[in-house]
Structures are given as C-alpha cells and as structure tokens.
Amino acid sequence: MSRDQPLLTIAIDGPSGSGKSSVSRAVADRLGIGYLDTGAMYRALTWWCLDQGVALTDEAAVVVAAEALPLELSTDPGDQRVVVGGTDVTAAIRTTAISAEVSKVATNTGVRPVLQQAQRDRMATISVATGGVVAEGRDITTVVAPDALVRILLTASEEARLRRRSAEVHGSADEAAIAATRDQVLRRDRDDSAVSQFTVAADGVVTVDTSDLDFDESVEAVLAVVASIAGHAHPDAPDAP
Ligand SMILES: Nc1ncnc2c1ncn2[C@@H]1O[C@H](COP(=O)(O)OP(=O)(O)OP(=O)(O)O)[C@@H](O)[C@H]1O
Ligand SMILES: Nc1ccn([C@H]2C[C@H](O)[C@@H](COP(=O)(O)O)O2)c(=O)n1
C-alpha cells in the first residue's frame, strides 16, 4: 500500500456469532493490514481478574485491574496470541467459563472508557505500522472509532448465529447443542446491549447481513463495502493496483 493513501481504518461491530472475528481477520489478511480484536481485551481482563482473585462484582477493583492490565495482544490477523502478565491465555479466554463471565466486566461502566481509550491507542499504532486496521467489537463504529474510514455492522439471524456457534463449540448444530449455546450467544447479547448498540446500524454505518452467506461470501461482501467506500480494490480483482 502506498504511504500517500489515507490510513485504511475499518470498524466492524455486530452481535455474537455474526462472524465479526473470523471475517475481520480474513479481511485484514486480504488487505495486508493489522487486526484488533477488542472482545479479546474484555476477555483478557476477565481472565486476569479471576486469576488475581478480583471479584467481578467489585466494580471499582475491576477498573483498577483494567488500568494496569499487563496485556500483550498480537495484531497479525494470521497469528492471534493473547498474553496477560506473561501467561499465554489465547485458548483460556475462549473457554465457556470466561464467555459466561465476560459480560460482567464488559457492562462495568468504569471499565469501558479505560479499554476504549486503550483500543483507540492500539488502532492508531497498528494503522501507522501497517497502513490500516480492522478493529471489531460492539462499539467500534459508534464510540471507539466513529470517524473510521469504513464502518460496518455485521449481522446474521439469531438462527444462523446459534447454528454457527453451536457447530464451532460443540461440533454439531442439533437441538441439544443449540440449547447449550443459547447462554453464550443470546443471554450475552442481551447483557452486552445494556451498554452498547450493536443490533441497529448508526448513521453512516453499512449493514452486511450474512444470514444467507457462507464464510467466503461474507468476506467478499465486506471487501466490496471497503472497495466502494475506500476505493480500495480487492487485491485479486482485475483492477487491483
Ligand atoms: N458467513 C458465515 N457462514 C458460516 N459460518 C460462519 C460465517 N461467518 C462466521 N462463521 C463461523 O461462525 C463461527 C462464529 O464466528 P466468529 O467467532 O467470527 O463470530 P463473532 O461475531 O466474532 O462472535 P463473538 O462475538 O461471540 O466472538 C466461527 O466458527 C466462524 O468460522
Ligand atoms: N468492543 C467490545 C467488544 C466486546 N465487548 C464484550 C461483548 C462480549 O460479551 C465480550 C467478549 O467479546 P467477543 O470476544 O465475544 O466478541 O466483550 C464489548 O462490550 N465491547
């Protein structure tokens, strides 16, 4: 990418299971820019509090933990690694135990501005280093980076989201597996909605509904929005630079 071009900042929000993380990583990879998983920051803070014996109900103590969170988060979309206080927690933060608790931290209104500012700082650093960034979460298009060049709300029907998460976590999308996934998807979205708006696109935010798209089609749909707004041709498109 030419350094004369504006930084390609791409903000993507959406509910759980809409495909934000996987699609954002693929988009960042295709565009050759960095990636920021802001949900991983809330998850890492949750892991750190539990590890340090900080009660998640002690809101002030969780804010203090957020302010001093010793977090290393890789920004390479092809190599996601999360380290907290020297411990590699890449897998640990994805366990059901953390998924079940993370909303307590994400709905702590003292924590949010601390992590939001850290996310703005990381977006700026990544953009300068790689020419752009895809940052995804629940409030990136609205609060963290409302001035991003491209802002997308990635949605999918409740049924599609439950099916995807269930297949991912339980290796099946049968009735029992879907029932076991409801808390991780629907209850969490309900709780997280108390502090962020990620079901309706804000002004200027483009909605991409992936309910009837497979994974590759979803990536192409996002790249098409980026191309139309940023004039950034797909790397493999006939008119690519
Ligand atoms: N369009 C799609 N069609 C089918 N499966 C998809 C699609 N998009 C994503 N997936 C799959 O759905 C699962 C959930 O996707 P992903 O983790 O990216 O969602 P998310 O929105 O980041 O969820 P959360 O916010 O809960 O972390 C993954 O296994 C992913 O590969
Ligand atoms: N910008 C963000 C990102 C995430 N969250 C919350 C919502 C989830 O409960 C939790 C983990 O996110 P996930 O990894 O599932 O995308 O963090 C938020 O409130 N704001």
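Preceding this section is the structure that the text describes.
On a predicted model such as this, the values are computed, not experimentally measured, just so you know.

Enquirer: Would you explain the site of ligand 2 in this entry?
Expert: In the vicinity of ligand 2 there are 15 residues, among which Arg-43, Arg-112, Asp-139, Arg-188 and Asp-192 approach most closely. In this structure, Arg-188 approaches ligand 2 through a side-chain N or O atom, which is 2.8 Å from an oxygen atom. Alone, ligand 2 offers 450 Å² of accessible surface; in the complex the protein occludes 98% of this. Of all the secondary structure elements, the ones that give two or more residues to the shell around ligand 2 are helix H2 (38-52), helix H4 (96-106) and helix H8 (175-192). By residue number, the principal contributor to the shell around ligand 2 is H2, which donates four residues. Taken together, the residues of the shell around ligand 2 break down into four nonpolar, four polar and seven charged.

Enquirer: Sorry, what's going on with the packing of aromatic side chains here?
Expert: The relative placement of two aromatic rings is captured by the distance of their centres and the angle of their planes. Using the criterion set out here, one finds zero aromatic pairs in the structure. When the ring centre of Phe-198 is taken as origin, the NZ or CZ atom of Arg-138, which lies over that ring, is 5.5 Å away.

Enquirer: Hey, could you run me through the packing of helix H1 (residues 20-31) against helix H9 (residues 215-230) in this one?
Expert: To characterise two packed helices, one gives the angle between the axes of the helices and the distance between these axes. Where H1 contacts H9, the axes come no closer than 9 Å and their chain directions differ by 55 degrees. Judged by the angle between their axes, H1 and H9 are oblique. Seen from above, H1 lies across H9 with right-handed handedness. On H9, the residues that touch Ser-22, Val-23, Ala-26, Val-27, Arg-30 and Leu-31 of H1 are Phe-215, Ser-218, Val-219, Glu-220, Val-222, Leu-223 and Val-226. Tallied by class, residues from the contact of H1 with H9 come to nine nonpolar, two polar and two charged.

Enquirer: Sorry if this is basic, but what is going on with the layout of surface pockets here?
Expert: To find leftover empty space, one rolls a probe the size of a water molecule over the atoms. Each pocket or cavity is described by its volume, and for the largest pocket that value is around 950 Å³. Forming the walls of the largest pocket are 44 residues, and the residues nearest its centre are Ser-21, Arg-43, Arg-94, Arg-165 and Glu-168. Of all the secondary structure elements, the ones that give two or more residues to the lining of the largest pocket are H1, H2, H4, strand E6 (132-137), helix H7 (158-170), H8 and H9. Class assignment of the residues belonging to the lining of the largest pocket gives a composition of ten nonpolar, 18 polar and 16 charged.

Enquirer: What am I meant to see in the sheet that holds strand E3 (residues 71-73) here?
Expert: Strands pair in a sheet through their backbones, by hydrogen bonds, and they do so in one of two ways: parallel or antiparallel. Taken together, three strands build an open sheet; the order of strands is E3-E4-E5 and the sheet is antiparallel. Looking at the sheet topology across the chains shown, the edges are occupied by E3 and strand E5 (87-88). Pairing between E3 and strand E4 (residues 82-84): three bridges, direction antiparallel. Bridge assignment links Glu-72 to a residue of E4, and that residue is Val-83. Sheet contacts for H2: E3, E4 and E5; angle to E4, the most-contacted strand, approximately 35 degrees.

Enquirer: Just checking my understanding: could you explain the pattern of salt bridges for this structure?
Expert: It is possible for side chains bearing opposite charge to pair when their charged atoms get close. Tallied over the entire structure, the rule returns ten salt bridges. Among the ionic pairs, Arg-94 bridges to Asp-37, the shortest N-O distance being 2.9 Å. Of the two residues, Arg-94 is situated in the loop between E5 and H4 and Asp-37 in strand E2 (residues 34-37); the sequence distance between them amounts to 57 residues. A salt bridge links Arg-163 to Glu-159; the shortest N-O distance between them is 3.9 Å. Residue Arg-163 and its partner Glu-159 are both found in helix H7; the two are separated by four residues, about one turn of the helix.

Criteria and cut-off values
- Residues numbered from 1 in each chain as written.
- Chains lettered and ligands numbered in written order.
- Predicted model: local features only at pLDDT ≥ 70, side-chain atom pairs only at ≥ 80, totals over all residues.
- Heavy atoms only, no water.
- Near = heavy atom within 4 Å.
- Polar contact = N/O pair within 3.5 Å; in protein donor to acceptor, adjacent residues only side chain to side chain.
- Areas by Shrake-Rupley, 256 points an atom, 1.4 Å probe, with all protein chains shown as cover.
- Helix = DSSP H or I, 4+ residues; strand = E, 2+ residues; numbered from the N terminus.
- Nonpolar A, V, L, I, M, F, W, Y, C, P; charged D, E, K, R; others polar.
- Phe/Tyr/Trp six-rings, centres within 6.5 Å; stacked < 30°, edge-to-face > 60°.
- Lys NZ or Arg CZ within 6 Å of the ring centre and 35° of its normal.
- Axes fitted to C-alpha atoms, helices over the stretch in contact; angles between N-to-C directions.
- Parallel < 35°, antiparallel > 145°, perpendicular 65-115°, else oblique.
- Left-handed = near helix turned anticlockwise from the far one by under 90°.
- Contact = heavy atoms within 4.5 Å.
- 1 Å grid on protein atoms, 1.4 Å probe; cavity = no way out; pocket = protein on both sides within 12 Å on 5 of 7 lines; lining within 4 Å.
- Points joined across faces, edges and corners; volume = space filled by probe spheres on them.
- Pairing = 2+ DSSP bridges.
- Salt bridge = Lys/Arg side-chain N within 4 Å of Asp/Glu carboxyl O.

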